[in-house]
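# Survey of secondary and tertiary structure
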Amino acid sequence: MKKLLLAGSIVALLAACEPASLQSLESSLILGKATPIHLGMDKTDVQVADYVIDPSRIDSITSDGPFSLQEREGILSISGKAKKDLYNLTFWSSGIGESVLLRRTKKTLYSFLFPSSGAEDKVMIKGEFNAWNPNNTVLEKQDGEFTGYVLLSPGTYQYLYVIDGKEMLDPQNTDSISNGMGGWNSVIEIAGPDASLIPHIKTDSYDANEIRLVSNNPIEKVYAYWENQLLPNDYIDIDNKSIAISIPGNAKNIKRSAIRLWAFNQEGVGNDVLLPLNNGQVLSSSEQLDRNDYESMIMYFLMVDRFNNGNSSNDKPLNIPEVHPKADYFGGDLAGVTQKIADGYFQDLGVNTVWLSPITQNPEGAFGKYPEPETSFSGYHGYWPISNLKVDYRFGTSEEFRSLIDVAHGQNMNVLLDYVANHVHEQHPIYQENPDWATDLYLPDGSLNTERWDDHRLTTWFDTFMPTLDLSRMETVDPMTDSAMFWLKEYGIDGFRHDATKHIPEIFWRTLTKKVKNDVILKGDRSVFQIGETYGSHELIKSYINTGMLDAQFDFNMYDRAVSAFAGAGALNELGNSLRESIKYYGDHNLMGYITGNQDRPRFISYADGSLKFGEDTKYAGWNREISLQDTLAYRKLSALTAYMMSIPGIPCIYYGDEYGSPGGNDPDNRRQMQFDNLDRHQLATRARAKKMIELRKENLALIYGDTEILEESNSHLVIARSYFENSVISVFNSSESPIEVSIPAGGKPNFFGEVSGNLVTIPAFGFEMITYN
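These lines cover the structure that appears in this document, whether it is placed above or below. As a convention, each chain's residues are numbered from 1 in the sequence order in which they are written. The predicted nature of this model means local features are confined to residues of pLDDT at least 70 and side-chain atom pairs, given and counted, to a pLDDT of 80 or more, with totals for whole chains, interfaces and linings taken over all residues. Remark: hydrogens and water are excluded; side-chain values derive from all non-hydrogen atoms of the structure.

### Concerning the pairing of strand β39 (residues 740–743)
When a residue's accessible area, from a 1.4 Å probe over protein chains only, is under 20% of the maximum for its type it is buried; when over 50% it is exposed; and in between it is partly exposed. Where helices and strands are cited, they refer to DSSP runs of H or I of at least four residues and of E of at least two residues respectively, numbered from the N terminus. Alternating positions in β39 separate cleanly, Ile740 and Val742 being buried on one face and Glu741 and Ser743 remaining unburied on the opposite face. Sheet analysis places β39 next to strand β41 (residues 760–763), joined by 4 bridges and oriented antiparallel. Opposite Val742, over in β41, you have Val761 as the bridge partner. A pair of strands counts as paired when DSSP detects no fewer than two bridges linking them.

Okay, here's the thing in structure tokens:
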């Protein structure tokens, strides 16, 4: 009897130590991680349905900030001036709240002034703040001066004046910087908080009930969320520079949940922290991860026609004089992709997510023109749909696609499908039967509305045979979103890469995502990942990312700066600034795609070896020069680029052939046949390094969930640290022609070109290292 009482006392004591469960709704109001709301200067309008899947369930909405909240017809207006950097917004249902973080804007008005000589007709500015589109910033002439204003967040911005079509530096600004391509840009810096005084939060330790974190600076307040529920004050203990978070007791009932945390002091907001939980315990091993843990995704993008021919019976090249062989079908198909999945190519490399180029039916003829050599094109790439529901017979059958999905899922791999909604081919029945569903090919001034990427981005046609659909109209939105849903429901794909995202109105993305949540996620208890393609400013890219639209987009600004830094004359500290900017806009634990290349850019390695020159017409070069490897040092530079993408937050993405260094100019030369065999020793070594980097990314939770710090930077070197509890990775990059020495903590393991001796690592010329600590 005494033993029973003692055992009962121990159980009671343990129960008393375990944190209380949070009262939760049986069915969540908010699906997924709620993205923070960035407040405007005085008023912010929020579409409630972006966050709450069924707004009719809301009883009330409250905030702890000095705001007036008014909801009307699904729009929540938040009015008033924020006095602190962070606040909370809560949606209430049946007495239980689910919350969203509010962040105060740091934007300020910056004025430009250009003295007129009297000869100027039009003065514009192009820069990083307006997607390098001068039409976005046109100055007005007043009293002999051209003036204009832009709202800018703290940071560094490059720009140029465009005077009557001619680019020039700002004559009023003596600060300039190399653009990495042989030219110069003016540069302005908008002062922000002192980064040395802002709290930087790092994970420290944990036990079954509590997670402990530390800060380099004092903390004023913490907002912590578990599954979008604001943790009450009694779950959070702040002691100057340390934080202790109690894990809600009901977290043990969910396989994967997470605590997210933001902290600030009077100087500003620190890094956001993501703490993944596995059945209520801190996730401590990569073996606990599965393909639905998107932070752990490593993506591989392949052009189906150019990857592997697994079924020669569906080979149907045009074989006509009007189409150059480079622009015709090569014979790659779905069966070929399935073979490589089954053979273990992707598993051996280490990638866990395959992104397929579009596989819907494309036309049989030749379209478009290129002048030199004169050629038209086949639809081998898949971006000219004449059906949004049929598998192109040249790629295979519906049964072969189902087989591909089954084999991939059997190897714990995701399959993302490249989906084209913005436009159709002129032979598509949707256009043939509803020509008024397309935007106008001619603008009111009579000019052709083709390739007007920025000034008419929501209506421009890609070519005269590719009508852009007017996706601001629900009669067009509904059938197009339904066709996307078809691939999710019929085949069980895991998500989409969405083509031409910025050319499609937001109503399309909201409608599609609502259908995805209601018809797939809620009904099938599975996740769907959506990533978009937008070339433009951080602001434009970010505008499509939130809980009610896309999960992420590809960060082409980062890629461009990385190409310049590793293959050109760009500086690594400018790449460091790009990393800061991306984290500022997209968050410390973003899901942005970070590419080694893609189907629209010349191959990195051909810049790195000097085969391509920055500023030249790389499409013309690809057609009219035989581009092959000129300098084997370029392989090391390519590996450095890949290592960088593996070292930063987000989802790294390898473009097929970049794992071994396929050369090429721009489209279609960057879409050569995939090479699996007969690689030379440099290509084999490059692929082996890529495999090792992926292995490090998968095995080190610091590279998946860790905080990020730039420890050192200069024109020619960059040191990045990622840490997650006891696991750390320090990545060092050297773009100079000489070896460098960098101080590091002792006890690390080098994996590539570095030589470690005590507290020093030596990196050779154009080398890099990823040093691991456990």
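### Considering a nonpolar patch on the surface
Residues Met41, Leu109, Tyr149 and Leu151 make up a contiguous nonpolar surface patch of about 460 Å² in total accessible area. Along the chain, Leu151 falls in strand β11 (residues 145–152). A relative accessible area of 42% means that Leu151 is categorised as partly exposed. Only residues whose relative accessible area exceeds 30% and that form no salt bridge are eligible for patches; like-charged ones are grouped when within 9 Å, while nonpolar side chains (Val, Leu, Ile, Met, Phe, Trp, Tyr) are grouped when within 5 Å. Surface accessibility in these figures is a Shrake-Rupley result with a 1.4 Å probe; residues are shielded only by whichever protein chains are displayed. Take a side-chain nitrogen of Lys or Arg and a carboxyl oxygen of Asp or Glu: if they are within 4 Å of each other, that pair is a salt bridge.

### Remarks on the packing of aromatic side chains
Stacked, edge-to-face and tilted are the three classes for Phe, Tyr and Trp ring pairs, Trp counted by its six-membered ring, which pair at centre distances within 6.5 Å; planes under 30 degrees apart are stacked, over 60 edge-to-face, the rest tilted. Within this structure, the stated rule accounts for 47 aromatic pairs. Judged by centre distance (5.6 Å) and plane angle (25°), the ring pair of Tyr370 and Trp623 falls under stacked. Of this pair, Tyr370 sits in strand β28 (residues 367–370) while Trp623 sits in helix α13 (residues 618–624), and the two are 253 residues apart along the sequence. Overall, Tyr370 belongs to the buried group, its relative accessible area being 12%. Judged by its relative accessible area of 8%, Trp623 is buried. Ring pairing ties together the aromatic residues Tyr110, Phe112, Phe114, Phe129, Tyr157, Tyr159 and Tyr161, which thus form one cluster. Definition used: whenever NZ (Lys) or CZ (Arg) falls within 6 Å of the ring centre and also within 35 degrees of the ring normal, the charge is taken to sit over that ring. The aromatic ring of Tyr380 is capped on one face by Arg306, whose charged end is 3.9 Å from the ring centroid. In this structure, Arg636 packs its charged tip against the face of Phe753, placed 4.5 Å from the ring centre.

### Some details on the side chain of Asp293
Structurally, the position occupied by Asp293 is in the loop between β25 (281–282) and β26 (299–302). Here a polar contact is recorded for every N or O atom pair within 3.5 Å, except that within protein the pair must consist of a potential hydrogen donor and a potential acceptor, and residues adjacent in sequence are included only if both atoms are side-chain atoms. Reaching out from Asp293, the side chain makes a polar contact with the side chain of Arg256 at a distance of 2.7 Å. What makes two residues a contact is simply this: any of their non-hydrogen atoms within 4.5 Å. What Asp293 contacts, discounting residues up to four positions off in sequence, is Arg256, Gln288 and Tyr705.

### Notes on the pattern of salt bridges
Scanning the model with the defined rule gives 42 salt bridges in all. Across the pair Arg625 and Glu616 runs a salt bridge whose closest N-O atoms are separated by 3.1 Å. We classify Arg625 as partly exposed; its relative accessible area is 36%. Take Glu616: its relative accessible area is 24%, and that puts it in the partly exposed class.

### Here we look at the sheet that holds strand β38 (residues 727–734)
The strand order across the open sheet built from 4 strands is β36-β37-β38-β42, with neighbouring strands paired in antiparallel fashion. Edge positions in the open sheet fall to β36 (707–713) and β42 (768–773), since each of these has one partner strand only. Geometrically, the sheet is characterised by an average inter-axis angle of 15° between neighbouring strands, direction not taken into account. Note: strand β37 (residues 717–724) against β38, 8 bridges, orientation antiparallel. Across the sheet, residue Val719 finds its bridge partner in β38, namely Val732. Helix axes use the C-alpha atoms of the stretch in contact, all axes being lines fitted to C-alpha atoms, and the angles between their N-to-C directions lie in the range 0 to 180 degrees.

### Some points on the nonpolar core
One broad trend across soluble globular proteins is that nonpolar side chains are buried collectively. Residues enter a nonpolar core if they are buried and are Ala, Val, Leu, Ile, Met, Phe, Trp, Tyr or Cys, with the set joined through side-chain atoms within 4.5 Å. The biggest cluster of nonpolar side chains holds 170 residues, and the ones touching the most others in it are Tyr300, Leu356 and Tyr644. The leading source of residues in this core is helix α14 (residues 633–647), at 9 residues. Apart from residues lying up to four places away in sequence, Leu356 is in contact with Leu302, Val304, Leu334, Val337, Phe401, Leu404, Val415, Leu416, Leu417 and Asp418. Counting residues in hydrophobic clusters, the runner-up holds 21 residues, among them Leu39, Leu76, Ala82 and Tyr87.

### Digging into helix α10 (residues 556–567)
A helix's residues, less one, multiplied by 1.5 Å, set its expected span. For α10, spanning 12 residues, the distance from its first C-alpha to its last is 16 Å, which sits close to the expected 16 Å at 1.5 Å a residue. A large share of α10 lies buried, amounting to 10 of its 12 residues. Packing partners of the buried residues in α10 comprise β12 (155–163), α11 (572–586), β34 (593–595), α12 (604–608), α14 and β38.

### Remarks on the environment of Leu39
Of note, Leu39 is situated in the loop between β1 (37–38) and β2 (43–47). Taking relative accessible area as the criterion, Leu39 reaches 7% and is therefore assigned buried. If we skip the residues at most four places from it in the chain, Leu39 touches Thr44, Phe67, Ile78, Ala82, Leu102, Arg103, Arg104 and Thr105.

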